[in-house]
Structures are given as structure tokens and as C-alpha cells.
Amino acid sequence: MLRRRPPTQVMPFHAWDVLLVVTLTMIALAGWSSTFSGNGWWITGGVVAILGSAAATAVVAARGGVEVVGLVLAFGYYFACGPIVERDLRLTDLSILESGVRASAEAWPVLLGTHPPVDSSGAALLAPVLLALFSAGIGTALALRSTRAAVPLAPPTLVLAAVLLLAQPEPVSVLLQGVGFGVVAMMWMRLRGLRIDEAAHGRDPARAWRMVGSVALVLAAALTAAAVAGDPTPGARFVLSREMPAYDAGREATPLDSFRDFTEPAPGQRVPEGNVHERKLMTLRGAPTGVRVRFAALEAYDGNRWQAANDSDPSRDDDRFLRLSSTIDNPADGREIRVAVDPTGDYTSRWVPTIGAVQSFSFYGSAREDAQTHLRYDPATQTAVMDDRLEKNDTYAFTSAITGGLLKRRMTASTLVDPALREAGAFLDPAIEAWALGAVSPIDGVFRVAERLKRVGRYSDGAIFWQSSYTAGQGTARLGDGFVLGEPTVGNDEQYAAAMALMANRLGAPARVVVGAVLPASGVVRGRDVQAWVEVRIADGSWRTLPTEMFMGDRPPRRVGVDEVLPPRAFPDPPPAPPQQPEIEEEPAEEPPPAPAASSADAGSGGVPWGLVLLALALGAPVVVPVVKGVRRRRRLSSRRVTLRYAGAWLELVDHARDLGVPVVPGLTRPAEARAVGSARGTGDTLVDLAHEADRRIYAADSPEAADADAFWSLVRAQRSSLGEGVSPWRRAWAVFSPASLRRGAPPEAG
């Protein structure tokens, strides 16, 4: 005869389980508050969490296991992700389901590779949906199926870890996600533990006290964690988005590389292919006249060319070319403008013209539907680039704050100089040492070098046949002996800006090359409007413009024969160092009087003074022993097993005798302990009767009643008070603080 399997144990339904698992899920998802825009993602996650928890409850009520719950949730997600992405609740055909599956794979790269905040739509919205469904659904199933208190905490904890790993470097709230999640999780685990324990052993008479103690412990831990956590340093937490490779814009050809496409061709000759000097590149509407339209900012130099770079600003965490949603968290001070841009077919670059610090960006009109997915933006350099190219009909609009301004000689340079950039300009030292002689600051040196470079420099695009020797390029040979160190110094914006930025970095002023245009009154940018300038970073962290006309010569070069060789430019030797004066022994200065000893605490790191710590320890130490004894007495009195209450009452009597100085040898039987205490205090017969009563109740076949144990405790309290009669007052007072009873050996057997 086949035996039936016993039914699977199911925890009784408790609304607290469902409520708390959803609460923990929403606290975990709150870590994305700075990652997503608006509240739509959080509301969607909350609705999904409630639905997932309801589905899990229904499956468990139908005797389904956790694996069945997971299967139901997976099917639900499969049929819901398509309509969520397409924003259409109707399943008209299978293409909607297919788009949902594709979007599920794209959600994580979009989430990691987009500047915050991410739009609460499309593929990115599936990330909170999937995590909320997993956390609330599986968590509810485990809460209703498992008899282990901590098991249901696993899904919300995993989701919390995933959110912290995928969120931005700056935590949303240490108090909410650290302390809040921990408090709710610990209280839920404690509540479940009490219910599970009571289901197996009956109601705990000390449940209220245990709950109060648990609450006090959790609150103390929460307050301590909040005080210790404080405000963490941005970027100190490991975040996956910082480890993911950003778009490598450095491999792209820059407008500086092809600068001669914007210059004027030789008169009387056919216009070279690709030359757009007289061509209309784009039309801007809404931008003020004279504003600088930025094509690309270049912050890295490899010895051959200036290029764009990721992670170029040590003071920022967002200095990377990442995707751009409709808005971006890019704080900036300046006049806000709204600009619309219509590029023409003659602008074939991948670099997207912008102005200032972009706050929002969107393609519109005849632009490609997926144009936004090809856009990458670096807020640190205020540069945008397409991973394919900007096409003719890709009209776009952006909101921006106009930042920066002109560089002034009185300004102070920032100290954030890139060591690699500073070393890269070493080959220009002969000119820098001569031209910056007497400079009183790095910015002063930049202006001195710029003035000298403009004075000796000549301008040529190499278009005229006898100027063809003045080639394009930004390599060390072209910028060194072929430009700054050569005679004559001839080049165009490309060489002037590239060399000027290197020399500024060498002088200790962080600088970069920017290619763009100064917007004409017509709003139309043509090739002839394009120029290259230098931006220098000052002490307040902002970048200030050193205009092209400040360092670029505008005179044409002197005509020379084709075979004529000019000598290299001669630079005066730096002045010799002043002769070293003989050392003169100086009388030692009077040492200041030693600081008083009390000031040694102030010389530390600003923490809590040791004097206060020692004072707190001195005042708190006497309280520790009475508190420990009180907790011990409470545990003995409220033991779940009634026999343990009898044993605890007797131990309480013997421990008090030890604190009063009565020597009681550990390991004796209760009657022997009673005789030892009674001989010292003259109450032997009464104590022996109590000891026999305790043994009779403890070793009885039937469990005694709780009321009898309470009566026994009353007798013990009376005898405990009588032990102090005839003892000196100071000894009775010392018994409260005496640790003697805390050092006793193993207690007698309690049965």
C-alpha cells in the first residue's frame, strides 16, 4: 500500500509579511532616485511589486511552491515588458513581445551608460520592473512557505545590492537605504522569529519584553550607524557604471585634425574637395549673437594630436562620454537659453555643436527616430558626439546655461594640472623660458607667452603654392622646430591653439583646445566662422576662454625661395642663477613656550576629546554591573519553561549571598548551598526548605504551574531581603555593584 507524502508545511498568512516585503522592495528601489527622472519609474515599480506579491500569495494559497511562483512571475513579465516599453497595453501582434525581449537586454547597458537622470520610459524602465517583481514576488513566496525567519529577506537584500551597484556614485540617502532598510529588516526578522517559535512551543510569556528589547537594540544600532556613516565621500563607493568602458571619443577624427577644410582656398584655384569655407554648416535659432558655439573640446595630447578623452577631470565623476536622455543633471551658473539647430548636408562631422552646459537635449522634426540613441555627451568638456554621424535632417534643440567667460590676467590658475599634459609640452621649454621670463603667476605667464607668440607668428593655411611647406598637423615636430622653435613661426588655428595649450599646461595652468565658432548675427554658421581657441581652468573650477586673436598672428609669412633654408629661431639663454652667498649662521630663534598639556587633545584629528571619553567611561562603568544583573534577573523570571523559573529563583538567592560576601563553593547541590548560606546568616532551616521545594518542582514528573513559580519567587525575594540584615550599610550598598556573582562557576543542574 502506497503511503501519502505529508503535506508541505505552509506558514499561516500574515498581512505583515506582504506589507514588509513590499516596503523593503520600495526602500531598495529608492536608491535609483538620482538615477531616473520623475517618479514614474518608482510608481511603476510599486505597482509591479504589489501585483507580484499578490500573485505569489495566490500561488502559495493554491499549494504552489516557490518554483511555481517564479514561473508565474516570469510569464507575467514576458507578457508585460512589451506593452510597458511600447506604452500600449494592447497585444496586437507578436512584435510587441519581441520588442519587450530586446528591450530587456538593452535595459542594463542603457542604465549604466547614460548620464543621470535616465528617462522613465523605454528599455530603462524594465530595470525597476524586473527587480520589483523578483523582490516582492519571490520574497512573499518565501515568507509564506519558509519556516526560517531570515530567508524572505534574501530577495530584497539582493535587490538592494543590485541597486547600489547600478546607481550613481553618490548615495541617495544613507539614512533611508542603510539605517532604514536595516531597521525594517531586523524588526521583520524578529517578528517572524517570535511567530515561528510560538507556533512550535506555545506563546512566550515574555514576548512583550523581548519585543521591547529588540526595538531598543535596533534603534541603538540605527542611531550608531547613522552617526558613524555621516556623509560619505562621493565616488568612494564601488559603482559598476564607473567600471564600464565609456564611448571612446578619442579615436574619432576631430575638427582640429581637418581644420583646413574650413579655411579659405587659394584664389583662382579650384576649391579642394571637402572644403566648406563658404558653405553653410548650420543655422541656430535662440542663441545670442557672439556666443561661442562649441564643436569639440580636446583635453588629451599623445604627441601627434589633441583628442577628446574620458576621465579627464579629477574633480568630477561624470567626465565621460555617455548616453544623454532628454535631461541631464549638469549644474551650472549662467544665463539659460533654448536653442534649435538645423544642420546642413555640408556639416559631415560626428561632433554635435552645442553651447555652454547642456541641461536638456532632444531631436525633433525630421530627425531619425533613433538619433538620440547614437548621441554621447561629456559634461566636463561640454562636448557632444554621435557614434555614427550627424545627418542633414537631424534637427535638434537643447536648453543650456552659458558658462565661462574671458580669461583675465589677475585670475589664479587651478592646481589640477594633468601631469601627462605638462610633460608633453617639455619640447617647447626654450620658447616658454624666454617668453614667460618675469611672470609672477601661471596666468601671467600664459599672457606673456600669448603676446610673444602673436608678435612673432605669421598666418598661413598652406593654400598658396609657395606656402605649401607650411603643412597641417599637431605633432611635436610640426609644433616644435616647424612652428614655435622655427623661423618663421607659421601656421593656422590648428598649430596656434595646439601649441598655446601645451605651453599653458607647461606653465602650470590647466588648458585645453576648443574648436567651434563665434555665432554671427544671422545665426548662420559657415566654414569661415570656425576657429580654434584655448580654454584655461582657474581656481574656482571654471574654464575661461583665451581667444584666438590673443595668441595667433594675422600677418602673412614673408615669401622665400623654395630652396631657401632659414636658420632656427634663436632664443636668449636664461639668465644665470645668482651667485651663491656664503652661509651665515643665524642665531636660533627663541622657541615658543610649550603648549599646555590640555591642548594635546586639540592637536588630534578633531574627534571626540579623550577626556570626555574617559569621563563617560568612569561614569558609565558602575552602572554596567547593576544593568547586567537586572537583565539576568528578568530572563530568569520570564523563562518559558516553568522549571527554569524555579532554578532561576534559587540562583538569584545564591548570587545575592555571594555579592554580600558569603563564600559559596560552585557545584554544590541546592540543599548544600542553603546550608552554606544559612550558617553564615542564621537562616539555615528556611533556606533548606526552599532548596528542597525547588528540587521537588524541578524534578517532578509533571510540569509545575506558572502561578506556583510566581509564589516561589515571592518567597525567594523575602529571603533575599533578609540576607542583608545584620550586614553593614556599605556592604549592602556594595552588593548592588559587586561583580562576584558574575564570576561564579557552572550553575547547578536545573533538570
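Please read these numbers as outputs of a predicted model, since none were measured by experiment. (Residues numbered from 1 in each chain as written. Predicted model: local features only at pLDDT ≥ 70, side-chain atom pairs only at ≥ 80, totals over all residues. Heavy atoms only, no water.)

A. View of the overall build of the protein chain. If you tally the helices and strands in the protein chain, you get 21 helices and 17 strands. The buried share of the protein chain, reckoned over its 751 residues, is 46%. Pairs at least 24 apart in sequence give 76% of the contacts found in the protein chain among residues at least 6 apart. Surface accessibility of the protein chain: about 38,100 Å² in total, with carbon and sulfur atoms responsible for 59%. (Helix = DSSP H or I, 4+ residues; strand = E, 2+ residues; numbered from the N terminus. Buried < 20%, exposed > 50% of the residue type's maximum accessible area, 1.4 Å probe, protein only. Contact = heavy atoms within 4.5 Å. Areas by Shrake-Rupley, 256 points an atom, 1.4 Å probe, with all protein chains shown as cover.)

B. Examining the packing of aromatic side chains more closely. What the rule picks out here adds up to 14 aromatic pairs. Each ring, one from Phe 361 and one from Phe 363, has its centre 5.4 Å from the other, and the planes form 65°; the classification is edge-to-face. Assigned by exposure class, Phe 361 and Phe 363 land together as buried. Measuring from ring centre to ring centre gives 4.9 Å for Phe 483 and Tyr 496, while their planes differ by 90°; the resulting arrangement is edge-to-face. Remark: Tyr 496 occurs in helix 14 (residues 493-506) and Phe 483 occurs in helix 13 (residues 476-484); sequence separation between them is 13 residues. Residue classification places Tyr 496 among the buried positions, given a relative accessible area of 0%. Through pairs of rings, three or more aromatic residues link up here, namely Phe 361, Phe 363, Tyr 396 and Phe 398. (Phe/Tyr/Trp six-rings, centres within 6.5 Å; stacked < 30°, edge-to-face > 60°.)

C. Quick peek at the pattern of salt bridges. This model, assessed by the stated rule, comprises 30 salt bridges. Note that Glu 535 is salt-bridged to Arg 294, the shortest N-O span being 2.8 Å. Pair noted here: Glu 535 is in strand 16 (residues 530-537) and Arg 294 is in strand 2 (residues 292-298), with a separation of 241 residues, a long-range link. As far as the burial class goes, Glu 535 and Arg 294 line up, both buried. For Arg 512, the salt bridge is made with Glu 535, and the minimal N-O distance between the two is 2.9 Å. On the criterion of sequence distance, the pair formed by Arg 512 in strand 14 (residues 511-518) and Glu 535 in strand 16 is long-range, its members being 23 residues apart. It is possible to trace a salt-bridge network through shared partners that takes in Arg 632, Arg 633, Arg 636, Glu 652, Asp 655 and Arg 658. (Salt bridge = Lys/Arg side-chain N within 4 Å of Asp/Glu carboxyl O.)

D. Up close: the packing of helix 1 (residues 15-29) against helix 5 (residues 126-145). The contact between helix 1 and helix 5 brings their axes to 9 Å, and the two run at 150°. Put simply, helix 1 runs roughly antiparallel to helix 5. Relative to helix 5, helix 1 is oriented so that their crossing is right-handed. Packed against helix 1, whose contacting residues are Asp 17, Val 18, Val 21, Thr 25 and Leu 29, the element helix 5 presents Pro 128, Leu 131, Ala 132, Ser 135, Ala 136, Gly 139, Thr 140 and Ala 143 at the interface. Class assignment of the residues belonging to the contact of helix 1 with helix 5 gives a composition of eight nonpolar, four polar and one charged. (Axes fitted to C-alpha atoms, helices over the stretch in contact; angles between N-to-C directions. Parallel < 35°, antiparallel > 145°, perpendicular 65-115°, else oblique. Left-handed = near helix turned anticlockwise from the far one by under 90°. Nonpolar A, V, L, I, M, F, W, Y, C, P; charged D, E, K, R; others polar.)

E. Main features of the pairing of strand 1 (residues 280-285). Direction of pairing for strand 1 relative to strand 15 (residues 524-526): antiparallel, over a ladder of three bridges. Across the sheet, residue Met 282 finds its bridge partner in strand 15, namely Val 525. (Pairing = 2+ DSSP bridges.)

F. The nonpolar core, seen in detail. Counting 86 residues, the largest nonpolar core has Trp 306 and Phe 551 as the members making the most contacts within it. Counting residues per element, this core draws most heavily on helix 14, at nine residues. One finds Trp 32, Ala 49, Leu 133 and Ala 167 within the second-largest nonpolar core, a separate group that totals 51 residues. (Core = buried A, V, L, I, M, F, W, Y, C linked by side-chain atoms within 4.5 Å.)

G. Broad picture of the sheet that holds strand 7 (residues 351-352). One open sheet holds the four strands; their spatial order is 5-9-10-7, and the pairing between them is antiparallel. In this open sheet, the two edge strands, each paired with only one partner strand, are strand 5 (322-323) and strand 7. Pairing of strand 9 (residues 375-378) with strand 10 (residues 383-386) involves four bridges; the strand directions are antiparallel. Among the inter-strand pairings, Leu 375 is bridged to a residue of strand 10, identified as Met 386.

H. View of unusual backbone geometry. The peptide bond linking Pro 116 to Pro 117 adopts the cis configuration, its omega dihedral lying at 0°. Turning to its location among the elements, Pro 117 is positioned in the loop between helix 4 (94-112) and helix 5. In this model, Glu 487 is joined to Pro 488 through a cis peptide bond whose omega is 5°. With respect to the element layout, Pro 488 can be found in the loop between helix 13 and strand 13 (489-491). In this structure, Arg 63 takes a positive phi of about 70° despite not being glycine.

I. A look at the sheet that holds strand 2. Here we have four strands laid out as an open sheet, ordered 2-14-16-17, and antiparallel in their pairing. Whereas interior strands pair on both sides, the edge strands pair on one side only; in this sheet they are strand 2 and strand 17 (543-546). Adjacent strand axes in the sheet meet at a mean angle of 40°, parallel and antiparallel pairs treated alike. In this structure, strand 14 lies alongside strand 16, joined through seven bridges in antiparallel fashion. Residue pairing across strands places Val 514 opposite Trp 533, the latter belonging to strand 16.

J. Structural view of helix 2 (residues 40-61). A rise of 1.5 Å per residue sets the reference length of helix 2, with its 22 residues, at 32 Å; its end C-alpha atoms lie 32 Å apart and thus fit the reference within 8%. Among the residues of helix 2, Trp 41, Gly 45, Gly 46, Val 48, Ala 49, Gly 52, Ser 53, Ala 56, Val 59 and Val 60 are the ones counted as buried. Buried residues in helix 2 make contact with helix 1, helix 3 (66-86) and helix 5. Downstream of helix 2 by a residue or two, Arg 63 has a phi angle that is positive, lying close to 70°. (Expected span 1.5 Å × (residues − 1).)

K. Layout of the pairing of strand 10. Side chains Thr 383 and Val 385 of strand 10 all project onto a buried face; the interleaved residues Ala 384 and Met 386 project onto the opposite face, where all are buried too. As paired elements, strand 7 and strand 10 share two bridges and run antiparallel to each other. The partner of Val 352 across the bridge, within strand 10, is Ala 384. Taken together, strand 9 and the strand that follows it, strand 10, pair antiparallel across an intervening segment of four residues, in which Gln 382 is found at a positive phi of about 55°.

L. How the structure looks around a nonpolar patch on the surface. A cluster of nonpolar side chains, namely Leu 71, Phe 75, Tyr 78, Phe 79 and Val 101, defines an oily patch on the protein surface of about 490 Å² accessible area. If you tally residues by element for the nonpolar patch, the top one is helix 3, at four residues. The residue Phe 79 is located in helix 3 in this model. (Patch = residues over 30% accessible without salt bridge, like charges linked within 9 Å, V, L, I, M, F, W, Y side chains within 5 Å.)

M. Representation of the confidence of the model for the protein chain. With 80% of its residues at a pLDDT of 70 or more, the protein chain shows a mean pLDDT of 82. Within the model, the stretch residues 1-10 combines pLDDT values under 50 with eight contacts to residues more than four positions away or in other chains. Below a pLDDT of 50 lies the segment residues 581-608, which in the model reaches one contact outside its immediate sequence neighbourhood of four places, other chains included. (pLDDT = per-residue confidence, 0-100.)

N. The arrangement of the packing of helix 2 against helix 5 in detail. The geometry of helix 2 relative to helix 5 is characterised by a closest axis approach of 7 Å and an angle of 30° between their N-to-C directions. By the angle between their directions, the pair helix 2 and helix 5 is classed as roughly parallel. When the axes of helix 2 and helix 5 are compared, the crossing they make is right-handed. Contacts between helix 2 and helix 5 pair Trp 41, Thr 44, Gly 45, Val 48, Ala 49, Gly 52, Ser 53, Ala 56, Thr 57 and Val 60 from the former with Pro 128, Val 129, Ala 132, Leu 133, Ala 136, Gly 137, Thr 140, Ala 141, Leu 144 and Arg 145 from the latter. When grouped by side-chain class, the residues that make up the contact of helix 2 with helix 5 number twelve nonpolar, seven polar and one charged.

O. Quick look at empty space enclosed by the protein. Counted under the stated rule, the structure contains two cavities of 30 Å³ or more. Considering the residues around the second largest cavity, the lining is formed by Trp 650, Leu 653, Val 654, Glu 673, Ala 674, Val 677 and Leu 687. Counting residues per element, the ones that place at least two in the lining of the second largest cavity are helix 17 (642-659) and helix 18 (670-681). (1 Å grid on protein atoms, 1.4 Å probe; cavity = no way out; pocket = protein on both sides within 12 Å on 5 of 7 lines; lining within 4 Å. Points joined across faces, edges and corners; volume = space filled by probe spheres on them.)

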